[in-house]
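Spelled out from the first residue to the last, the chains are:
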Amino acid sequence: MPTTDVYREAEKRWRHSLQEPGEELIDFELADDRVRRVDVAADAPDWLRGAQLYALCGVDGFRFLRCPFSPEEELRWSHAALAAWTEPEASESNLDLTHAGERGALWAQHEAAPSSSALRHLSWVTLGYHYQWSERRYDEARRSPFPPALGALGADLGRAVGQPLRPEAAIVNYYAPRSSMGGHCDDAEPCQDAPIVSLSFGLSATFLLGGPSRHAAPLAMRVRSGDVVVQGGASRGCYHGVARVLRGTAPARLREAASAGGGGGGGDDLRGVAEWLERGRININVRQVGPEAGWDEDPDAAAAVLAGGRRCRDDG
Ligand code: OGA
Ligand code: MN
């Protein structure tokens, strides 16, 4: 039986044209009858009380939180993603295969010689339980401590949108302008009930959210620096991806905050971060892996849980 990859067709279209907010592209900064404002949960942490939270009509569990961060916080999280989390003790990375000898101090290398550092070749790191790309699974033996501050942030965001999670794994993606991420669904986590919390910094992107199979046409939406996308409920199992990262779209507030020396991380450091964010996009994709708390205490039991990851439907 012939199948039609409707998602892929839309992805190609969005990659090459139709990049402006309008009839098709959802922009959460503009009125749109496909979008509704929802209240932040009553037990949200104080710093997220006034946040602007949205849902998509007819899409269960999807939430979009407009940037709840100060520019200094955007710089600080981005700095963590570029410096602390790229250290070999903290992460696995695409560079483990190609640049093993230059894996340490990537950010220092970049600051010393931006045009020749291995940072230019960084496309992802994994934190906590390290996602194994070829097996499309997690492995009990491949695990680093999950960064505590990111764990607290992910938990805060989940609570604020009324979809709690226990962050146990993260994929951090580093994008260049015009790059993309093909449509996929994240089905390696044995726990598919907790949401994925996805944070983005730097350049804007066109994000696509499809249905449970590739037969469904995706909705396209603009994701800007600091915005948080939450895929919970039925949307947890939906195809999604990034059609394109858009050159020249980093907000001026990042450079301004870095020049003002904000953030307490050292003015110079943050200026470099702001410059990186003008030519790149960071996506921090936070997941809960296992079911109930304590599932990972016994390694054999945890390995059995991890072996049972789910699979999305490819055929539709
Ligand atoms: C992912 C993902 C989306 C993004 O890492 O699984 O879907 O916005 N990222 O970069
Ligand atoms: Mn994904």
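What you are looking at is a predicted structure, and each value in this text was computed from that prediction instead of being measured. What you see as residue numbers is a count from 1 along each chain, following the sequence as written. By the order in which they are written, chains take letters starting at A while ligands take numbers starting at 1. Reporting of local features is limited, given that this is a predicted model, to residues whose pLDDT is at least 70; pairs of side-chain atoms are given and counted only at 80 or more, and all residues count toward the totals for whole chains, interfaces and linings. Computation of side-chain values covers all heavy atoms of the structure but excludes hydrogens and water.

Things to note about the packing of helix 2 (residues 71-82) against helix 6 (residues 252-259)
1) Next: To obtain each axis, a line is fitted to C-alpha atoms, and for helices this fit is confined to the stretch in contact; angles are then taken between N-to-C directions over 0 to 180 degrees. Segments assigned H or I by DSSP are reported as helices when at least four residues long, segments assigned E as strands when at least two residues long, and all are numbered from the N terminus. Axis separation between helix 2 and helix 6 bottoms out at 9 Å; the angle between their running directions is 85°. It follows from the interaxial angle that helix 2 and helix 6 lie roughly perpendicular. Facing Pro-71, Glu-72, Glu-74 and Leu-75 of helix 2, the residues of helix 6 in contact are Arg-253, Leu-254, Ala-257 and Ala-258.
2) Next: For the contact of helix 2 with helix 6, a count of residues per class yields five nonpolar, no polar and three charged. In these notes the angle categories are as follows: under 35 degrees is roughly parallel, over 145 is roughly antiparallel, 65 to 115 is roughly perpendicular, and the rest is oblique. Only heavy atoms enter the contact rule, under which two residues are in contact if any of them lie within 4.5 Å. Only Asp, Glu, Lys and Arg are considered charged, only Ala, Val, Leu, Ile, Met, Phe, Trp, Tyr, Cys and Pro nonpolar, and every remaining residue, Gly among them, polar.

Observations concerning the side chain of Ser-78
1) Next: Among the secondary structure elements, Ser-78 is positioned in helix 2.
2) Next: The exposure class of Ser-78 is buried, given its relative accessible area of 0%.
3) Next: For Ser-78, the side chain forms a polar contact with the main-chain oxygen of Glu-74, separated by 2.7 Å.
4) Next: The contact partners of Ser-78, leaving out residues within four places of it in the chain, are Phe-201, Val-273, Leu-277 and Ile-282. Partly exposed residues are those whose accessible area sits between 20% and 50% of the maximum for their type, while under 20% is buried and over 50% is exposed, using a 1.4 Å probe and protein chains only. Polar contact is defined as a pair of N or O atoms within 3.5 Å, subject to the rule that within protein one atom must be able to donate a hydrogen and the other to accept it, and that residues adjacent in sequence are counted only when both atoms are side-chain atoms.

Topic: the environment of Ala-81
1) Next: Looking at the secondary structure, you find Ala-81 in helix 2.
2) Next: Judged by relative accessible area, Ala-81 falls into the buried class, the value being 0%.
3) Next: Spatially, the C-alpha atom of Ala-81 lies 26 Å from that of Ala-220, the residues being 139 residues apart in sequence.

Here's the deal with helix 1 (residues 6-16)
1) Next: For helix 1, every residue scored as buried is listed here: Tyr-7, Ala-10, Glu-11, Trp-14 and Arg-15. Taken end-on, helix 1 shows its buried residues confined to a sector of 135°, consistent with a single buried face.
2) Next: Buried residues in helix 1 make contact with strand 8 (181-184), strand 10 (205-209), strand 11 (219-223) and strand 13 (240-245). The reported arc concerns the directions from the helix axis to the C-beta atoms and nothing else.

Brief notes about the packing of aromatic side chains
1) Next: Pairing of aromatic side chains here covers Phe, Tyr and the six-membered ring of Trp, requires ring centres within 6.5 Å, and sorts the geometry by plane angle: under 30 degrees stacked, over 60 edge-to-face, intermediate tilted. If you walk through the whole model with that rule in mind, you get eleven aromatic pairs.
2) Next: Taken together, a centroid distance of 5.9 Å and an interplanar angle of 35° make the contact between Trp-47 and Phe-69 tilted. Residue Trp-47 is found in the loop between strand 1 (35-38) and strand 2 (53-56), and its partner Phe-69 is found in the loop between strand 3 (62-65) and helix 2; the two are separated by 22 residues along the sequence.
3) Next: Given a relative accessible area of 35%, Trp-47 falls into the partly exposed group.
4) Next: On the basis of relative accessibility, which here comes to 7%, the residue Phe-69 falls in the buried class.
5) Next: Aromatic ring contacts, followed pair by pair, group Trp-124, Tyr-131, Trp-133 and Tyr-138 into a single cluster.
6) Next: The ring of Trp-77 has Arg-76 lying over it, and the distance from NZ or CZ to the ring centre is 5.5 Å. Sitting over a ring, as applied to charges here, requires NZ of Lys or CZ of Arg to be within 6 Å of the ring centre and within 35 degrees of the ring normal.

Focus on the nonpolar core
1) Next: In plain words, nonpolar cores are sets of buried Ala, Val, Leu, Ile, Met, Phe, Trp, Tyr and Cys residues tied together by side-chain atoms within 4.5 Å. Residues Leu-150 and Leu-199 are the most contacted members of the largest nonpolar core, which totals 52 residues.
2) Next: Grouped together as the second largest cluster of nonpolar side chains are 19 residues, Val-35, Tyr-54, Phe-64 and Val-242 included.

Brief notes about the environment of Met-181
1) Next: Inspection of the secondary structure assignment puts Met-181 in strand 8.
2) Next: A C-alpha to C-alpha distance of 9.2 Å links Met-181 and Phe-207, two positions 26 residues apart in sequence.
3) Next: Setting aside anything within four residues of it in sequence, one finds Met-181 in contact with Glu-11, Asn-173, Tyr-175, Gly-241 and Val-242.

Details of the sheet that holds strand 10
1) Next: Taken together, four strands build an open sheet; the order of strands is 8-13-10-11 and the sheet is antiparallel. Edge strands, defined here as strands with exactly one partner in the open sheet, are strand 8 and strand 11. Taking the axes of each pair of neighbouring strands and ignoring which way they run, one obtains an average angle of 25° across the sheet.
2) Next: Of the strand pairs in this sheet, strand 8 and strand 13 are connected by two bridges, and their pairing is antiparallel. The partner of His-184 across the bridge, within strand 13, is His-240.
3) Next: Contacts between helix 1 and the sheet are confined to strand 8, strand 10, strand 11 and strand 13, with strand 13 contributing the most and set at about 20° to the helix. By definition, two strands form a pair when at least two bridges between them are found by DSSP.

Here we look at the state of the cysteines
1) Next: Here, two cysteine sulfur atoms that lie within 2.5 Å of each other are counted as a disulfide. Tallying each qualifying case throughout the model produces zero disulfides.
2) Next: Here Cys-57 stays free of any disulfide, with the sulfur of Cys-238 as its closest cysteine sulfur at 15 Å.
3) Next: When its relative accessible area of 41% is taken as the criterion, Cys-57 is described as partly exposed.
4) Next: Left unpaired, Cys-238 is separated from the closest cysteine sulfur, that of Cys-185, by 8.5 Å.

All quantities given are derived from atomic positions and should not be read as evidence of function.
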